[in-house]
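Understanding the architecture of this molecule
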Amino acid sequence: MENVSVDQQLSRDIFLSFKRHGNFEPIRMKEVVEKKSVPTSVRQTKERNLLPVHLNVNGKNYLLHLEPWTSVLDALREYLDLTGTKKGCDHGQCGACTVLANGRRIKSCLTLAVMYEGVTITTIEGLSAQGKLHPIQQAFMDKDAFQCGYCTPGQICSAVGLLNEGKAKTSDDVLELMSGNLCRCAAYNHILEAIMSVMENENNADPK
Amino acid sequence: MNRFTFTRSHSIAEALQEVSPQNKTRFIAGGTNLIDLMRANVERPDHIVDITHLNLDEITLTADGGMRLGALARNTDTAYDENVQRRYPLLAKAILAGASAQLRNMATNGGNLLQRTRCYYFYDTAMPCNKRVPGQGCAAIGGVNRIHAVLGTSAHCIATHPSDMCVALAALDANVLVTGKEGERVIPFSDFHRLPGDKPHIDSNLQPGELITAIELPPGDFNKNYQYIKVRDRRSFAFALVSVAAALQIEKGMIMEARIALGGVAHKPWRDKEAEKFMRRKTPDEALFWSVAEIIMREAQGFGHNDFKIELAKRTIVRALTEARDRNTPEPLNCYTYNRHHHY
């Protein structure tokens, strides 16, 4: 928060405006107040470099007006109110931000929303269909694969991506291929069991 | 992250036009390194050009029996390509040893070459760094330099190149195809990355305004006796302290041709052609491999916290050559695995 003086009251709204803006360059207090009073879907200021971005998320099409530096993660959380996907590190190191792009798992903090037009994005909110949980979601509950739950949406999306890739055969493979998702509660053993149980069910259902 | 303008290019010519001496322009593809560096305020481009629509993502066979890897092909697709796995398993294994599945899905081949060091002083804009600001000094020399280089260093910089893919590409004698306003040219892999010298702020010989279009692999017979070993503090998802890409062509119990390259120890993948020549027409036994290790590491210099890398590199070289020699069945390359139960 370089440009906020210590004796200024930093309200939660102002803090979130800094976050929403995506950088920490000086923001005049007046500008912050104006943003607050304007709905997020309609922002028109001459200084702002807003680009129209068409995103397809969980089967719905959206038209957002975003600054180019908005990550996919921030687009999902701050502009689409899809807060299931979490911001853990914002550096691509923890995997809490994992979502599926055309069925492929990516770290949504490390890429720009403006580059994801025409891509089918699936978040944790979009994994269940017609009220039925995805097998991975069910397995995470059955196997007690989370404690605080913060890494869990990323773990689940990553696991779905892993299944889509079809490369993991053994539990060692699963550990290696899930290594991009960290869990500070160390629920790893049960996460592994949950994923293995779904893999084994898939193999039994579809013997090759 | 600073403000920037953004555009998407639909042809190489368009992309090259976006680069001008006035603007600090960066191309973006996977973004997995650039965005991270921008969040740390290490990179502060004024203008970003999306090159992902340039149709440079094909992985094809070339007429001479080699392969061409499009610069915009994703690391995952390259590693899992059946021809890459069959002809260049060393490369597939090295790619799979790097990063995490999500990052490999996003990262492109060109970007992998151009990724910058993970030296934490480079990343910390409060610390002096000659790579970030020429002349500022190097905080790693005399600092905490556990992850830093032991070969090819200079008084100005002891950073390492973090890539695994590049170590295999160096061992396989790849060529980098680039294009710029003056046309196309080919950069042999050993000339692509630079040593720090007195200009550590320049990582590679790619000129400003040039774009990598493809990486070409020459035909070769290094798909039987190969090994990639990555030694790191964690079982996965960590950069190499030391890594070794080794490949041998063995006929009638004698080495016909050898390739060996090291990662994690220098500003570029470290290839020692003298050591490779030394191995020719010799029996691939442990004594030979130790001699090779001594040759490769003969000028190694530790900086206090990374002295261990010298001995570690020697042992890893011996182990990689031994396991390359002893490989008699193809391995499944669905992910990077390393069997830690061997005893040597």
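Because the structure is a prediction, the values reported are computed rather than measured. The numbering scheme is per chain: residues are counted from 1 as the chain's sequence reads. Chains carry letters from A onward and ligands carry numbers from 1 onward, assigned in written order. Only residues with pLDDT of at least 70 are given local features in this predicted model, and only at 80 or more are side-chain atom pairs given and counted; all residues enter the totals for whole chains, interfaces and linings. In computing side-chain properties, one takes all heavy atoms of the structure into account and sets aside hydrogens as well as water.

Right, let's talk about the overall build of chain B for a bit. Under the DSSP-based scheme used, a helix requires at least four consecutive residues in state H or I and a strand at least two consecutive residues in state E, with every element numbered from the N terminus. A tally of regular secondary structure across chain B gives twelve helices and twelve strands. When we talk radius of gyration, it's over C-alpha atoms, and the globule rule is simply 2.2 Å times the number of residues to the 0.38. Over its C-alpha atoms chain B spans a radius of gyration of 20 Å, differing by no more than 12% from the 20 Å that the globule rule assigns to 344 residues. With respect to the principal axes defined by its C-alpha atoms, chain B has extents near 60 × 50 × 35 Å. The contact definition used throughout considers only heavy atoms, calling two residues in contact when any of these lie within 4.5 Å. Put simply, 64% of the contacts in chain B that link residues at least 6 apart link residues at least 24 apart. When charges are counted, neither His nor the chain ends are considered; positive counts come from Lys and Arg and negative counts from Asp and Glu. By convention, the charge on Lys lies at NZ, on Arg at CZ, on Asp at CG and on Glu at CD. Looking at chain B, you have 43 positive and 38 negative side-chain charges, and the mean spots of the two groups are 4 Å apart.

Every contact between the two is made by 38 residues of chain A and, on the other side, 37 residues of chain B. Interface of chain A and chain B: buried area, both sides summed, is about 3300 Å²; carbon and sulfur atoms make up 53% of it. For this document, the term salt bridge refers to a Lys or Arg side-chain nitrogen within 4 Å of an Asp or Glu carboxyl oxygen. Taken together, the links from chain A to chain B amount to four salt bridges. When the shortest N-O distance is used, the salt bridge between D77 of chain B and R104 of chain A registers 2.4 Å. What counts as buried area is the accessible surface, traced by a 1.4 Å probe, that two parts surrender upon association, with contributions from both included.

What follows covers the nonpolar core. In this structure, L91, L262, M297 and I317 of chain B are the most contacted members of the largest nonpolar core, which totals 101 residues. The contact partners of M297 of chain B, leaving out residues within four places of it in the chain, are V150, L151, L262, K309, I310, A313, K314 and I317 of chain B. Nonpolar cores were defined as sets of buried Ala, Val, Leu, Ile, Met, Phe, Trp, Tyr and Cys residues, with membership established by side-chain atoms within 4.5 Å. Classification of residues uses two cut-offs on accessible area relative to the type maximum, computed with a 1.4 Å probe and protein chains only: under 20% is buried, over 50% is exposed, and between them is partly exposed. If you look at the next biggest cluster of nonpolar residues, it comprises 38 residues, including L112 and V114 of chain A together with F4 and I28 of chain B.

On to the packing of helix α11 (residues 286–296) of chain B against helix α12 (residues 308–326) of chain B. Residue and element names in this part refer to chain B. Between the N-to-C directions of two axes lies an angle of 0 to 180 degrees, each axis being a line fitted to C-alpha atoms and, for a helix, fitted only over the stretch in contact. Packing of α11 against α12 leaves a shortest axis separation of 9 Å and a crossing angle of 140 degrees. By the angle between their axes, α11 is oblique relative to α12. In this structure, the crossing between α11 and α12 has a hand that is right-handed. Residue-level inspection shows E286, F289, W290, V292, A293, E294 and I296 of α11 in contact with α12, the latter providing E311, K314, R315, I317, V318, L321, T322 and R325. For this classification, Asp, Glu, Lys and Arg are treated as charged, while Ala, Val, Leu, Ile, Met, Phe, Trp, Tyr, Cys and Pro are nonpolar and the rest, including Gly, are polar. Grouping the constituent residues of the contact of α11 with α12 by class yields eight nonpolar, one polar and six charged. Here the word oblique covers every angle except those under 35 degrees (roughly parallel), over 145 (roughly antiparallel) and from 65 to 115 (roughly perpendicular). With the far helix as reference, a near helix turned anticlockwise by less than a right angle produces a left-handed crossing, and one turned clockwise produces a right-handed crossing.

Another point: the side chain of S100 of chain B. The topology assignment puts S100 of chain B in the loop between α5 (89–97) and α6 (101–106). Owing to a relative accessible area of 0%, S100 of chain B belongs among the buried residues under this scheme. A 3.5 Å cut-off defines polar contacts: any pair of N or O atoms within that distance qualifies, except that in protein one atom must be a possible hydrogen donor and the other a possible acceptor, and neighbouring residues in sequence count only when both atoms are side-chain atoms. Only 3.4 Å separates the side chain of S100 of chain B from the side chain of K107 of chain A, close enough to count as a polar contact. Apart from the residues lying within four places of it in its own chain, the contact partners of S100 of chain B are K107 and G180 of chain A together with F237 of chain B.

A few words on the pattern of salt bridges. All names here are of chain B. By the definition in use, this model includes 30 salt bridges over all chains. A salt bridge links K199 to D198, with the shortest nitrogen-to-oxygen separation between them at 3.9 Å. The class for K199 is partly exposed, based on a relative accessible area of 39%. Ionic pairing is found between R259 and E257, a salt bridge with its closest N-O pair at 3.9 Å. We classify R259 as buried; its relative accessible area is 11%. Each member of the salt-bridge network shares a partner with another, and the members are D173, E257, R259, R271, E276 and R280.

Let us look at the confidence of the model for chain B. Detailed reading of predicted coordinates is not advised where the pLDDT is low. By definition, pLDDT measures how confident the predictor is in each residue, and it falls between 0 and 100. Across chain B, pLDDT averages 96, with 98% of residues at or above 70. Prediction confidence for the complex, expressed as pTM and ipTM, is 0.90 and 0.95 respectively.

Moving on: the packing of helix α5 (residues 152–165) of chain A against helix α7 (residues 188–205) of chain A. Residues and elements named next belong to chain A. With their axes 11 Å apart at the nearest point, α5 and α7 run at an angle of 35 degrees to one another. Pair α5 / α7 crosses with right-handed handedness. For the pair formed by α5 and α7, the contact residues are Q155, A159, L162 and L163 on the first element and I191, I195, V198, M199 and E202 on the second. Residues belonging to the contact of α5 with α7 are distributed by class as follows: seven nonpolar, one polar and one charged.

Turning to a nonpolar patch on the surface, a few remarks are in order. Exposure above 30% relative accessible area and the lack of any salt bridge qualify a residue for a patch; like charges then connect within 9 Å, and the nonpolar side chains Val, Leu, Ile, Met, Phe, Trp and Tyr within 5 Å. Calculation of accessible area relied on Shrake-Rupley with a 1.4 Å probe; when residues are assessed, cover is drawn exclusively from the protein chains displayed. Judged by side-chain polarity, L133, M141 and F146 of chain A come together as a nonpolar surface patch covering roughly 260 Å² of accessible area. Relative to the assigned elements, M141 of chain A resides in helix α4 (residues 135–142).

All names here are of chain A. Look at α7: 26 Å from first C-alpha to last across 18 residues, which is about the 26 Å you get at 1.5 Å a residue. Looking at α7, one finds that the buried residues are I191, L192, A194, I195, M196, S197, V198 and M199. Check the buried side of α7 and you find it contacts α4, α5 and α6 (171–177). By this rule the span expected of a helix is its residue count minus one, scaled by 1.5 Å.

Take the sheet that holds strand β1 (residues 5–8) of chain B next. Residue and element names in this part refer to chain B. At least two bridges found by DSSP between two strands are what make those strands a pair. Spatial strand order, β1-β3-β2: three strands in an open sheet with parallel pairing. Across the chains shown, the open sheet's two edge strands, defined by having one partner strand only, are β1 and β2 (25–28). Taken pair by pair, the neighbouring strands of this sheet meet at an average axis angle of 25 degrees, ignoring direction. Pairing analysis gives four bridges linking β2 to strand β3 (residues 47–50), with the strands arranged parallel. Bridge assignment links I28 to a residue of β3, and that residue is D50.

Residues and elements named next belong to chain B. You will see that K252, though not glycine, has its phi angle at about 50 degrees, which is positive. Residue classification places K252 among the exposed residues on the basis of a relative accessible area of 87%. The backbone phi angle of R281 is positive, close to 65 degrees, even though this residue is not glycine. In this structure, R281 sits in the loop between α10 (273–279) and α11.

This part covers α4 of chain A. All names here are of chain A. Looking at α4, one finds that the buried residues are I136, Q137, A139 and F140. Buried residues of α4, seen end-on, are gathered within an arc of 165 degrees and therefore sit on one face of the element. Buried residues in α4 make contact with α5 and α7. Following α4 by one or two positions, D144 adopts a phi angle in the positive range, close to 55 degrees. Along the arc lie the directions from the helix axis toward the C-beta atoms.

Residues and elements named next belong to chain B. Ordered by their spatial adjacency, four strands build an open sheet running β9-β10-β11-β12, and the pairing between neighbours is antiparallel. Of all the strands in the sheet, the pair left with one neighbour each is β9 (225–231) and β12 (270–271). As judged from the nine bridges shared by strand β10 (residues 242–251) and strand β11 (residues 254–263), these two strands associate in the antiparallel manner. Bridging across to β11, A247 finds its partner in R259.

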